[in-house]
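A closer look at the structure
Take a look at the letters that make up each chain.
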Amino acid sequence: MMDLDEIDLKLLRLLQQDASLSNKELSFELNKSIAAVHERVRKLKRLGYIKKTVAILDRHKIGIGLISFSQVFLKAHTFEVLNEFEKEVAKFPEVMECYQMAGSYDFMLRIATKDMDAYHVFLRHRLAVLPQVNTVQTYFVLSETKSETAYPL
């Protein structure tokens, strides 16, 4: 973050809250010209601070009724086994996030499916049949108290 000044940080905070803000709206909030804001956004993208701009959907409106977190234990921990598991699991559209973990299990997956039946099919026919997988332990979300996409800056 050494490349960023306070204006850049404020710009990133604003964009994390609403990436649809126009350069004109951003310029008003930052008290900078539209051209200056445009150039800063381009710089932040070029430097990799802004990876992509997306729309965050209401999962219920698109039929995603079940969120689960699965702890995955692998059969081995060689470079090849870890890489192959990551490559395969990244192909599954149900897997929203995949993290390699330190601790008692190897990976944590956030999985989004229509319902319990869809999760069951995913588990039995896709995840659990990967040759690297030893055990999968899953926890199902009952309610969502907080879900943020913005990092504190």
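Before reading further, recall that the structure is shown in the block above.
To start, this report covers the structure provided alongside it. These numbers were taken from a predicted model, which means no experiment stands behind them.

**Overview of unusual backbone geometry**
For Asn 31, which is not glycine, the phi torsion reads 60 degrees and is therefore positive. The topology assignment puts Asn 31 in the loop between helix H2 (23-30) and helix H3 (34-46).

**A word on the pattern of salt bridges**
Using the criterion set out here, one finds nine salt bridges in the structure. A salt bridge links Arg 40 to Asp 5; the nearest nitrogen and oxygen atoms lie 3.0 Å apart. Here Asp 5 lies in the segment before helix H1 (6-17) and Arg 40 lies in helix H3, a separation of 35 residues in the sequence. For the salt bridge of Arg 126 with Glu 94, the shortest nitrogen-to-oxygen distance reads 2.9 Å. Linking Arg 126 in helix H5 (residues 116-127) with Glu 94 in the loop between helix H4 (79-89) and strand S2 (95-100), this pair joins segments that are 32 residues apart in sequence. Judged by its relative accessible area of 18%, Glu 94 is buried. Here the salt bridges do not stand alone but share partners, grouping Asp 5, Asp 8, Arg 40 and Lys 43 into one network.

Cut-offs used in this document
Residues numbered from 1 in each chain as written. Predicted model: local features only at pLDDT ≥ 70, side-chain atom pairs only at ≥ 80, totals over all residues. Heavy atoms only, no water. Helix = DSSP H or I, 4+ residues; strand = E, 2+ residues; numbered from the N terminus. Salt bridge = Lys/Arg side-chain N within 4 Å of Asp/Glu carboxyl O. Buried < 20%, exposed > 50% of the residue type's maximum accessible area, 1.4 Å probe, protein only.

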